[in-house]
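# Descriptive analysis of the structure
What follows is each chain in one-letter form.
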Amino acid sequence: MLTIFNRRELLLTQSMERQAEVRSILAANGIAYTVRTTNRQGGIQRANMWSAGFNQSFAWEYKIYVHKKDLEYALHLIR
């Protein structure tokens, strides 16, 4: 079971494709993981004039965590 006390950050990315690829690799190798998704716009709506020019492909941030005992193996797998 993953908790905040025994997990380590494996990956931080803004790419939906990369996080999906890494999650697939982890699942195929039986490594438990959790994903934390953060909206980096800070509540700004798309229609808001302040979001003009903001690249929507960087609007989300994905952090993938694994158990600390699996970290080295998981790093090896995703490289």
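For the structure, check the block above.
First things first, this report covers the structure right here in the doc. (Residues numbered from 1 in each chain as written. Predicted model: local features only at pLDDT ≥ 70, side-chain atom pairs only at ≥ 80, totals over all residues. Heavy atoms only, no water.)

### Brief notes about the sheet that holds strand β3 (residues 60-67)
Reading across the sheet, the three strands line up as β1-β3-β2 and stay open at both edges, with antiparallel pairing between neighbours. The strands lining the two open edges of the sheet, one partner per strand, are β1 (7-13) and β2 (33-39). When the angles between neighbouring strand axes are averaged without regard to direction, this sheet yields 25°. Sheet topology note: the β2/β3 ladder contains seven bridges and is antiparallel. In the strand pairing of β3, Tyr33 is matched with Val66. Contacting β1, β2 and β3, helix α1 (residues 16-28) crosses the sheet at an angle of about 15° to β3. Taken strand by strand, helix α2 (residues 71-78) contacts β1 and β3, and its axis lies near 20° from that of β1. (Pairing = 2+ DSSP bridges. Helix = DSSP H or I, 4+ residues; strand = E, 2+ residues; numbered from the N terminus. Axes fitted to C-alpha atoms, helices over the stretch in contact; angles between N-to-C directions. Contact = heavy atoms within 4.5 Å.)

### Things to note about the packing of aromatic side chains
Scanning all chains against the criterion turns up zero aromatic pairs. In this arrangement the basic side chain of Arg7 is found over the ring face of Tyr65, its NZ or CZ atom lying 3.9 Å from the centre. (Phe/Tyr/Trp six-rings, centres within 6.5 Å; stacked < 30°, edge-to-face > 60°. Lys NZ or Arg CZ within 6 Å of the ring centre and 35° of its normal.)

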